[in-house]
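# Results of the structural survey
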Amino acid sequence: MDRTSRSAVSPTAAAREGLRIDAPVALSLWAGLVHGWVAPDHFVAAALYGWFFVAVAVAQVGYGLLLLRWRHPAVLVAGVAGNVAVLGVYLLTRTRGIPLGPHAGKVEVAGVLDWSAAVAEVAVVLWLCSALEGRVKAAVVNGLLVLGLVAWGTRLAGLL
Amino acid sequence: MKAGLLGGAALMLPLERSAVSSLRNVNRLAESRLPAPFSVALSAPPLARPVLRTATTDLYELTLRKGRAEILPGMMTEVWGYEGIMPGPTIVARKGREVVVRVANRLEDSRHPHSSLHLHGNASAPQYDGYANDLLRPGWYKDYRYPMKQSARTMWYHDHGVHTTGRNAYMGCAAFFVTHDPQERALPLPRGRYDVPLVLRDAIFGEDGSLLFDEGNTDSLFGDVILVNGRPWPRMRVERRKYRFRFLNGGLSRSYRLSLSTGEAMTVIGTDGGLMPAPQQTASLLLGMAERYEVVIDFARYRVGQQIVLRNISPKNNPDQPTTNRIMRFDVVSDATDPSNNVVPDVLDPNNPVMRLQPSQANVTRSFRFERRNGMWTINGKVWDPKRIDARPEYGAVEIWEFVNKSGGWFHPIHMHLVDFRILDRNGARPRNYERGPKDTVYLGEGETVRVLTQFDQRGKYMMHCHNIVHEDHDMMTQFEVGSGGPDPITTAPPRRLTS
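About the thresholds
Residues numbered from 1 in each chain as written. Chains lettered and ligands numbered in written order. Predicted model: local features only at pLDDT ≥ 70, side-chain atom pairs only at ≥ 80, totals over all residues. Heavy atoms only, no water. Helix = DSSP H or I, 4+ residues; strand = E, 2+ residues; numbered from the N terminus. Buried < 20%, exposed > 50% of the residue type's maximum accessible area, 1.4 Å probe, protein only. 1 Å grid on protein atoms, 1.4 Å probe; cavity = no way out; pocket = protein on both sides within 12 Å on 5 of 7 lines; lining within 4 Å. Points joined across faces, edges and corners; volume = space filled by probe spheres on them. Nonpolar A, V, L, I, M, F, W, Y, C, P; charged D, E, K, R; others polar. Phe/Tyr/Trp six-rings, centres within 6.5 Å; stacked < 30°, edge-to-face > 60°. Lys NZ or Arg CZ within 6 Å of the ring centre and 35° of its normal. Pairing = 2+ DSSP bridges. Axes fitted to C-alpha atoms, helices over the stretch in contact; angles between N-to-C directions. Salt bridge = Lys/Arg side-chain N within 4 Å of Asp/Glu carboxyl O. Contact = heavy atoms within 4.5 Å. Buried area = accessible area lost by both parts, 1.4 Å probe. Polar contact = N/O pair within 3.5 Å; in protein donor to acceptor, adjacent residues only side chain to side chain. Parallel < 35°, antiparallel > 145°, perpendicular 65-115°, else oblique. Left-handed = near helix turned anticlockwise from the far one by under 90°.

Residue and element names in this part refer to chain B. Following the sequence through the fold, Val383 ends up in the loop between strand 23 (376-379) and strand 24 (398-405). Given the relative accessible area of 0%, Val383 is considered buried. Val383 sits 110 residues away from Gly273 along the chain, and the two C-alpha atoms are 27 Å apart.

Right, here's the structure in full:
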């Protein structure tokens with residue numbers, strides 16, 4: 001609770017506290033590093049995939065660095081949205097198949113490395129949600145609930 | 001809690017496939033429960049019957065669907081196949097008489113998104129070649145038209161749907177397609193019941209008799225049960241005379257080195273593209289995935305009551321199991337009841353056009369490097385992209401294609417669609433004696449360089465790929481386009497929706 005109340009603080013408060021290398025920062029950096037590590041493999045498959053992984057890696061590493069200093073609610077919400085989007089693509093590629101490009105439709109198999117990045121992203125999302133407060137928090141969490149229901153519903157309907 | 005619902009979906013659903021695959025491998029049937037070798041009789045796939053015959057054309061209708069088969073005694077196994085059987089019905093055709101195969105995909109299963117039918121060994125038009133991205137989805141059908149202009153040969157038809165060929169073929173979507181021509185028919189080679197197609201493959205069975213497929217393995221799939229025409233290590237009753245066997249390796253990843261337990265030589269008379277110029281003797285035969293060899297074994301040299309085992313000495317990088325060193329057994333049961341067509345002539349097909357090609361006719365040499373790169377199966381550093389053309393031979397051109405495998409840990413049977421080729425050399429030396437016939441698939445062993453000579457005489461886009469189907473499904477595939485203006489493989493003759 002104490003950490004939550006300290007997290008959604010103003011930039012000035014964060015600056016007062018100095019740089020904080022805590023769980024969301026480390027997890028975001030880890031997810032970014034994983035995406036960066038596997039990007040060359042994906043350039044072999046198609047430039048589109050390679051650049052996608054580079055973009056995700058840069059975004060996640062950049063976001064981790066951003067969290068070092070700046071934890072404004074808007075930053076936290078953006079982090080939730082970004083990580084959920086990446087998780088959505090991950091879920092799609094491991095169930096329905098790659099959505100775009102020359103390998104569209106090919107279902108990827110989950111491995112240790114990619115799954116560890118997904119775990120990190122889920123943890124970041126949960127942490128960011130817990131750091132939010134008030135109506136913003138309620139809206140974000142309810143949005144995630146809807147997305148979760150959609151995901152499970154489509155699975156039960158055999159669409160995922 | 002609310003947010004965790006999405007997190008759970010994101011983390012659990014991706015693991016579903018891997019978990020199912022791993023669990024199933026845990027439940028594989030123990031070796032002790034496998035049938036004793038040679039305890040079941042060999043069977044032959046049924047012949048397909050045309051539903052319509054005109055003056056020029058035979059029409060066959062095949063339904064791709066699920067079926068159940070007693071592969072292991074006392075157990076029922078779900079198979080996917082043409083007409084719901086594994087192997088599917090054999091089509092026998094004559095040179096010059098058109099064959100149309102109507103394939104209706106009625107295979108409803110979440111693991112089967114699509115199919116595509118490739119007649120392996122045939123110079124099909126691009127739109128009928130089973131182009132990987134020419135998808136035949138459940139509920140659709142397509143007419144594949146084959147003019148049958150080539151010489152007599154042993155071909156096979158099998159699934160070729162992009163990224164799904166492995167499971168489809170493993171579950172049974174493959175069958176023989178044999179053609180004859182007058183020149184071959186004029187030879188006194190064994191025929192009728194003495195002409196026996198044998199498709200070899202391996203498989204893994206679960207405790208419930210199901211075929212286990214490892215979705216999570218992107219390297220290879222090696223089973224512990226060897227099936228011949230869908231029967232585990234069968235026995236075959238033979239007479240004291242010559243038999244013509246048409247060997248096909250229809251498996252995903254396992255290659256074989258075949259030999260007789262007596263150590264005696266077999267006579268190879270045909271390769272992928274039909275009869276060789278002359279027969280060749282060999283005591284062991286390396287059979288890579290998708291390769292076909294026609295072999296005559298003379299059982300007259302054995303006494304009635306003798307049993308001859310067809311053995312397998314696994315080539316490099318094929319994991320051996322205690323059960324994989326034998327294929328089947330021949331039991332000599334009587335003297336010959338039919339002495340006709342019991343000769344292997346010294347000359348078989350001296351005029352095969354591809355075998356008469358000379359390297360001096362080629363003015364282009366292309367090199368293809370098959371390697372694992374950044375964890376992916378690549379050809380010249382690239383993976384399959386249907387929008388990319390990697391070679392553009394001119395129409396009618398004669399070319400030398402060089403296949404290079406720098407790896408010490410992998411072998412790759414390389415299959416060129418459309419063409420027959422002649423193997424010029426293997427690591428600079430002459431090819432093995434039994435490879436000196438027309439081929440469409442060549443065994444590219446560890447660290448080897450193989451050069452082949454061929455002619456491109458049909459316009460359009462065609463694939464070339466590794467026939468380790470696990471590698472193929474993971475994009476070790478490229479395409480070339482012969483000339484320009486050829487029919488598009490996807491849009492020219494698209495599948496149609498089934499009405500009922």
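Time to look at unusual backbone geometry. Residue and element names in this part refer to chain B. With an omega dihedral of -10 degrees, the bond running from Met86 to Pro87 counts as a cis peptide bond. Of note, Pro87 is situated in the loop between strand 3 (77-82) and strand 4 (91-94). Look at Phe38: it is not a glycine, yet its phi comes out positive at around 65 degrees. Position of Phe38 among the secondary structure elements: in the loop between helix 1 (2-26) and strand 1 (52-53). Of note in the backbone geometry, Asp475 takes a positive phi value of approximately 80 degrees without being a glycine. Take Asp475: it is sitting in the loop between helix 4 (469-473) and strand 30 (477-482).

This part takes up empty space enclosed by the protein. Residue and element names in this part refer to chain B. Tallying each qualifying case throughout the model produces 6 cavities of 30 Å³ or more. Of the voids in this model, the largest cavity is the one considered here, and its volume is about 120 Å³. The wall of the largest cavity is formed by 13 residues, among which Met86, Pro87, Ala174, Val199 and Arg201 lie closest to the centre. Only strand 9 (174-180) and strand 10 (195-203) provide two or more residues apiece to the lining of the largest cavity. A class-by-class count of the residues in the lining of the largest cavity yields 9 nonpolar, 3 polar and 1 charged.

Residues and elements named next belong to chain B. The full count for this structure, using the stated rule, is 24 aromatic pairs over all chains. With centroids separated by 6.3 Å and ring planes inclined at 90 degrees, the aromatic side chains of Phe245 and Phe299 adopt a geometry described as edge-to-face. Remark: Phe299 occurs in the loop between strand 19 (292-298) and strand 20 (307-312) and Phe245 occurs in strand 14 (residues 242-249); sequence separation between them is 54 residues. A relative accessible area of 0% places Phe245 in the buried class. Accessibility expressed as a relative area gives 0% for Phe299, which makes it buried. The interplanar angle of 40 degrees and the centroid separation of 5.1 Å between the aromatic rings of Phe245 and Phe330 together place this pair among those described as tilted. Residue Phe245 is located in strand 14, and its partner Phe330 is located in strand 21 (residues 326-335); the two are separated by 85 residues in the primary sequence. Per residue, the accessibility class of Phe245 equals that of Phe330, and both read buried. Here the aromatic cluster, defined as three or more aromatic residues joined through ring pairs, consists of Tyr194, Tyr243, Phe245, Phe247, Phe299, Tyr302 and Phe330. The side chain of Arg459 reaches across the aromatic face of Tyr395, ending 4.3 Å from its centre.

Bringing the sheet that holds strand 15 (residues 256-260) of chain B into the picture now. All names here are of chain B. What the 5 strands build is an open sheet, ordered 13-21-20-15-18; its pairing is mixed. This sheet does not close on itself; its edge strands, each paired only once, are strand 13 (235-240) and strand 18 (284-287). The sheet shows a mean angle of 25 degrees between the axes of neighbouring strands, direction not considered. Where strand 15 and strand 18 come together, 4 bridges link them in antiparallel fashion. Within strand 18, the residue paired with Tyr256 across the bridge is Leu287.

Before going further, it helps to examine the pairing of strand 24 of chain B. Residue and element names in this part refer to chain B. Across the 8 residues that make up strand 24, a large majority, 7, are buried. As judged from the 7 bridges shared by strand 22 (residues 364-373) and strand 24, these two strands associate in the parallel manner. Its bridge partner lying in strand 24, Phe370 is registered against Asn405. Alignment of strand 24 against strand 28 (residues 449-455), held across 7 bridges, turns out to be antiparallel. Opposite Val398, over in strand 28, you have Gln455 as the bridge partner.

Residues and elements named next belong to chain B. Counted according to the given criterion, the structure contains 39 salt bridges over all chains. Salt-bridge contacts for Asp143 lead to Arg102; the nearest nitrogen and oxygen are separated by 2.6 Å. Pair noted here: Asp143 is in strand 7 (residues 140-146) and Arg102 is in strand 5 (residues 98-105), with a separation of 41 residues, a long-range link. Given the relative accessible area of 22%, Asp143 is considered partly exposed. Given the relative accessible area of 28%, Arg102 is considered partly exposed. Among the salt bridges present, the one from Arg244 reaches Glu184, with a minimum N-O distance of 3.0 Å. Note that Arg244 is positioned in strand 14 and Glu184 in helix 3 (residues 182-185), a separation of 60 residues in sequence. You'll find Arg244 and Glu184 in the same group, each marked buried. Here the residues in one salt-bridge network are Glu184, Asp195, Arg244, Arg246 and Glu294, joined through shared partners.

To continue, consider the interface of chain B and chain A. With 31 residues of chain B at the interface, the matching set in chain A holds 32 residues. Roughly 2,800 Å² of surface becomes buried between chain B and chain A when both sides are summed, with 73% attributable to carbon and sulfur atoms. Inspection of the region where chain B meets chain A yields 0 salt bridges. Our count for the contact surface shared by chain B and chain A stands at 2 residue pairs in polar contact (both at pLDDT 80 or more). Sorting the residues of the side of chain B that touches chain A by element identifies helix 1 and strand 23 of chain B as the ones contributing at least two each. In terms of residue count, helix 1 of chain B provides more of the side of chain B that touches chain A than any other element does, 17 residues in total. Residue classes in the side of chain B that touches chain A are distributed as 14 nonpolar, 10 polar and 7 charged.

This paragraph deals with the pairing of strand 22 of chain B. All names here are of chain B. Note that strand 22 and strand 23 share 4 bridges and pair antiparallel. Paired with Glu371 across the strands is Thr378, a residue of strand 23. The loop that links strand 22 with its antiparallel partner strand 23 comprises 2 residues; one of these, Asn374, has a positive phi angle of about 50 degrees.

Residue and element names in this part refer to chain A. Two elements in contact, helix 3 (residues 23-45) and helix 4 (residues 47-69), have axes separated by 7 Å at closest approach and are oriented at 165 degrees. Relative to helix 4, helix 3 is oriented roughly antiparallel. Viewed along their axes, helix 3 and helix 4 form a crossing whose handedness is left-handed. A breakdown of the residues in the contact of helix 3 with helix 4 according to their chemical character gives 21 nonpolar, 8 polar and no charged.

Looking now at the environment of B:Arg254. All names here are of chain B. Note that Arg254 resides in the loop between strand 14 and strand 15. Spatially, the C-alpha atoms of Arg254 and Val304 are 33 Å apart, while their sequence positions differ by 50 residues. Not counting chain neighbours up to four residues away, the residues in contact with Arg254 comprise Asp202, Phe222, Gly223, Ile226, Asn249, Met289, Ser314, Asn318, Pro319, Gln321 and Thr324. A distance of 3.0 Å separates polar atoms of two side chains, one belonging to Arg254 and the other to Asp202.

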